[in-house]
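Okay, here's what each chain looks like letter by letter:
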Amino acid sequence: MSEEVRLVAWVRGQVQGVGFRWFTRARALEIGGLSGFALNLADGRVQVVAEGPRDGCEGLLDWLQGADTPGRVDGVTEIWDTPRGGYDGFAIR
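Computed from a predicted structure; not experimentally measured.

Asks: Outline the UniProt feature "active site" (unreviewed entry) in the chain, listing residues and values.
Replies: UniProt's feature table lists "active site" (unreviewed entry) at R21 and N40, given in the numbering used throughout. Considering the C-alpha atoms alone, the annotated residues occupy 20 residues of sequence yet fold into one spot, their largest mutual distance being 7.8 Å. R21 gets classed as partly exposed once you look at its relative accessible area, which sits at 23%. Apart from the residues within four sequence positions on either side, R21 is in contact with A38, L39, N40, V46, I92 and R93. Secondary-structure assignment places N40 in strand β2 (residues 35-40). Since its relative accessible area comes to 27%, N40 is described here as partly exposed. A polar atom in the side chain of N40 sits 3.5 Å from the side chain of R21.

Asks: Could you give an account of the nonpolar core, with specific residues and numbers?
Replies: In globular proteins that are soluble, nonpolar side chains generally tend to be buried together. One finds V48, L60, L64 and F90 to be the most contacted residues of the largest nonpolar core, which totals 19 residues. Mapped onto this core, the elements with two or more residues apiece are β1 (4-14), α1 (20-31), β3 (46-53) and α2 (54-65). Counting residues in each nonpolar core, the second largest holds five residues, with W10, F37, L41 and V49 among its members.

Asks: Describe α2, listing the residues and the values that go with them.
Replies: The first and last C-alpha atoms of α2 sit 16 Å apart over twelve residues, in line with the 16 Å expected at 1.5 Å per residue. Every buried residue of α2 is accounted for by G56, C57, L60, L61, W63 and L64. Down the axis, α2 shows its buried residues gathered within 160° of arc, on one side only. Exposed positions of α2 whose direction lies more than 90 degrees from the buried face are D55 and D62. Its buried side turned inward, α2 meets β1, α1, β3, β4 (72-81) and β5 (90-92).

Asks: Hey, could you go over the pattern of salt bridges for me, with residue numbers and the actual values?
Replies: Evaluation of the coordinates by the stated rule reveals seven salt bridges. One salt bridge connects R54 with E3, and the closest N-O pair in it is separated by 3.1 Å. Of the two residues, R54 is situated in helix α2 and E3 in the segment before β1; the sequence distance between them amounts to 51 residues. Owing to a relative accessible area of 26%, R54 belongs among the partly exposed residues under this scheme. With its nearest N and O atoms 2.8 Å apart, the salt bridge here joins R45 to D43. Overlapping salt bridges bring together E3, R54 and E58 as one network.

What counts as what
Residues numbered from 1 in each chain as written. Predicted model: local features only at pLDDT ≥ 70, side-chain atom pairs only at ≥ 80, totals over all residues. Heavy atoms only, no water. UniProt positions renumbered as here; feature names shortened; annotations may be inferred. Buried < 20%, exposed > 50% of the residue type's maximum accessible area, 1.4 Å probe, protein only. Contact = heavy atoms within 4.5 Å. Helix = DSSP H or I, 4+ residues; strand = E, 2+ residues; numbered from the N terminus. Polar contact = N/O pair within 3.5 Å; in protein donor to acceptor, adjacent residues only side chain to side chain. Core = buried A, V, L, I, M, F, W, Y, C linked by side-chain atoms within 4.5 Å. Expected span 1.5 Å × (residues − 1). Arc of directions from axis to C-beta. Salt bridge = Lys/Arg side-chain N within 4 Å of Asp/Glu carboxyl O.

So this is what it looks like as structure tokens:
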């Protein structure tokens, strides 16, 4: 069984106005077992918070850093932590 973790990622690039949050939610739901959200920030980045099994969060991070995302990702900064809970599914904020 995989360890439960919290991933917080800030995605830089052309990631607003291109469906990035919607596709991030769809990817998280496809992976399964993840809860959290994707949020546009005022500085143009998208913040992604995901909690669940480490392998699922790593899969989401790989996708965020990959070439299959909408728009253009210039970089991703991530922090790993212990889950805090309180999320009902995976939301777009």
